Amino acid sequence: MAQLRTRNTKGKNATEMAKKIKRGNALRQGSAWRGHRVLIASLLVAVSVCGVAVWLYVTSLESDITETLVSQRELVSPLPRLYTVQCSEDYENYQRYPGCTPQSCGRAVTDGVVTREEAESLRRLAERGLALAGSEGGASILDLHSGALSMGKQFVNIYRYFGEQLQDVFTQEDFQLYRDVRGRIQAVIAETFDLDPNLIYLTKPTFFSRINGTIAKTQHDEYWHPHIDKVTYGSFDYTSLLYLSDYGSDFSGGRFIFMDPTGNRTVEPRTGRVSFFSSGSENLHRVEKVTWGTRYAITVSFTCDPAHAIADPALP
Ligand SMILES: O=C(O)CCC(=O)C(=O)O
Ligand SMILES: [Fe+2]
């Protein structure tokens, strides 16, 4: 009996020892695994932090935006949103036209003048016209007034080059829509800047633009340089832009940027959005490089000088 008890006690001790060893091993394994987990988590955090830092650096290189005036998602309607700025002295170097020459300058945006359907219809017009040729580089234009169309590294005159064939490309309704829309844009500019609508005239160049991320082949493809429309184009007093595609879904990059002394202010293109502004150096601007997709817009320009007025285009 005593022998048996001793054996039993020995056996018990051995089992407990084995249990202890097992528990010890399990604890060691557990803490090794916890150690691995901590290491993996730290690595993930480090990789994420580096990723965010690189992303912030890359975006800060391309976009030095300090303020978004109007984002693509917003709908500015029915009234335009107006931002006034002090007029530059540029206008003093030109003849003054009372009722038209900018007295109060600024920039405005409205989504209430051209419907999405109308803008989509104009985009299809632009797509068909630009499909006839197009630039080798990233920026192509189609000017229905002068007939200029980008072709390779140069321009052709669609009315001379394609003649009667154009009737298979454009319809009378397309041209009618183009005229209607430009009339409405003219009216909203006159109303917003308190001008006589009969003393502001369409001027050239007024054109469709198609921009993508292709590398520029000529200077005409370099749309992204900062510029002042009155300096670049001479006759401009009011510039308007009608956007025919959406920032963020049709293309990325391609935001319009006012470069003010106090920082950059941007307008994000939205289909049917009209952005307009006085054309002097109070509105120095540039377009961001398009990084993917295709951006369509129309630049519609107005002058106060009747000698620089142009007529609406008509299908031959
Ligand atoms: O397409 C745009 O947003 C601006 C174009 C422009 O600056 C211009 O045509 O002068
Ligand atoms: Fe411009």
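The structure presented is a predicted model; accordingly, all values stated were derived computationally and were not measured.

A look at the overall build of the chain
- Secondary structure summary: the chain contains five helices and 16 strands in total.
- Burial statistics for the chain: of 316 residues in total, 34% are counted as buried.

Structural notes on the UniProt feature "domain: Fe2OG dioxygenase" (unreviewed entry) in the chain
- In this numbering, the UniProt entry assigns the feature "domain: Fe2OG dioxygenase" (unreviewed entry) to residues 206–305.
- Secondary structure content for residues 206–305 is 5% helix and 46% strand, and the end C-alpha separation is 16 Å.

Quick notes on unusual backbone geometry
- The peptide bond linking Ser-77 to Pro-78 adopts the cis configuration, its omega dihedral lying at 0°.
- Here Pro-78 lies in the loop between strand E1 (65–70) and strand E2 (81–85).
- Of the consecutive residues Lys-204 and Pro-205, the connecting peptide bond is found in the cis state with omega at 0°.
- Considering the arrangement of structural elements, one finds Pro-205 in strand E8 (residues 201–211).
- The phi dihedral of Asp-194 falls on the positive side, at around 60°, and the residue is not glycine.
- Residue placement: Asp-194 occurs in the loop between helix H4 (172–192) and E8.

Considering the site of ligand 1
- As a matter of local geometry, ligand 1 sits amid Ser-209, Asp-229, Leu-241, Phe-256, His-285, Val-287, Ala-297 and Thr-299.
- Sorting the residues of the shell around ligand 1 by element identifies strand E14 (285–287) and strand E16 (295–303) as the ones contributing at least two each.
- Split into classes, the residues belonging to the shell around ligand 1 amount to four nonpolar, three polar and one charged.

Observations concerning helix H2 (residues 116–130)
- Under the 1.5 Å per step criterion, the end-to-end length of H2 is 21 Å for 15 residues, consistent within 8% with the ideal 21 Å.
- Taken residue by residue, H2 has Ala-119, Leu-122, Arg-123, Leu-125, Ala-126, Gly-129 and Leu-130 as its buried positions. Seen from one end, H2 has its buried residues packed into an arc of 155°, which puts them on one side.

Quick word on the sheet that holds strand E11 (residues 256–260)
- Strand order in this open sheet of four strands is E1-E12-E11-E14, and the pairing throughout is mixed. The open sheet terminates on both sides in strands that have one partner only, identified here as E1 and E14. Here the average twist between neighbouring strands, direction ignored, is 30°.

Side note on H4
- A rise of 1.5 Å per residue sets the reference length of H4, with its 21 residues, at 30 Å; its end C-alpha atoms lie 31 Å apart and thus fit the reference within 8%.
- Among the residues of H4, Tyr-178, Val-181, Ile-185, Gln-186, Val-188 and Ile-189 are the ones counted as buried. Seen along its axis, H4 keeps its buried residues to an arc of 165°; they face one direction. Exposed positions of H4 whose direction lies more than 90 degrees from the buried face are Gln-172, Glu-173, Gly-183 and Glu-191.
- Here the buried face of H4 lies against strand E3 (105–110), H2, strand E9 (238–243), strand E13 (274–278) and E16.
- Two residues or fewer past H4, Asp-194 is found with a positive phi of approximately 60°.

Concerning the pairing of strand E7 (residues 154–157)
- Relative to E7, strand E6 (residues 148–152) runs antiparallel, the two being bridged by four bridges. By the bridge assignment, Met-151 is partnered in E7 with Gln-154.
- In this antiparallel pair of consecutive strands, E6 and E7, the connection spans one residue.

Some words on the environment of Ala-41
- Among the structural elements, Ala-41 can be located in helix H1 (residues 2–62).
- Sequence separation between Ala-41 and Gln-167 is 126 residues, and the spatial gap between their C-alpha atoms is 65 Å.

Focus on the packing of H2 against H4
- Where H2 meets H4, the closest approach of the two axes is 10 Å, and the angle between their N-to-C directions is 125°. Overall, the two elements H2 and H4 adopt an arrangement that is oblique. Crossing geometry of H2 relative to H4 is assigned as left-handed. Mapping the contact onto sequence places Glu-118, Ser-121, Leu-122 and Leu-125 in H2 and Asp-174, Leu-177, Tyr-178 and Val-181 in H4.
- Residue classes in the contact of H2 with H4 are distributed as five nonpolar, one polar and two charged.

Rules and cut-offs
Residues numbered from 1 in each chain as written. Chains lettered and ligands numbered in written order. Predicted model: local features only at pLDDT ≥ 70, side-chain atom pairs only at ≥ 80, totals over all residues. Helix = DSSP H or I, 4+ residues; strand = E, 2+ residues; numbered from the N terminus. Buried ≥ 20, exposed ≤ 12 C-beta atoms within 10 Å, placed from the backbone. UniProt positions renumbered as here; feature names shortened; annotations may be inferred. Near = placed C-beta within 6 Å. Nonpolar A, V, L, I, M, F, W, Y, C, P; charged D, E, K, R; others polar. Expected span 1.5 Å × (residues − 1). Arc of directions from axis to C-beta. Pairing = 2+ DSSP bridges. Axes fitted to C-alpha atoms, helices over the stretch in contact; angles between N-to-C directions. Contact = placed C-beta atoms within 7 Å. Parallel < 35°, antiparallel > 145°, perpendicular 65-115°, else oblique. Left-handed = near helix turned anticlockwise from the far one by under 90°.

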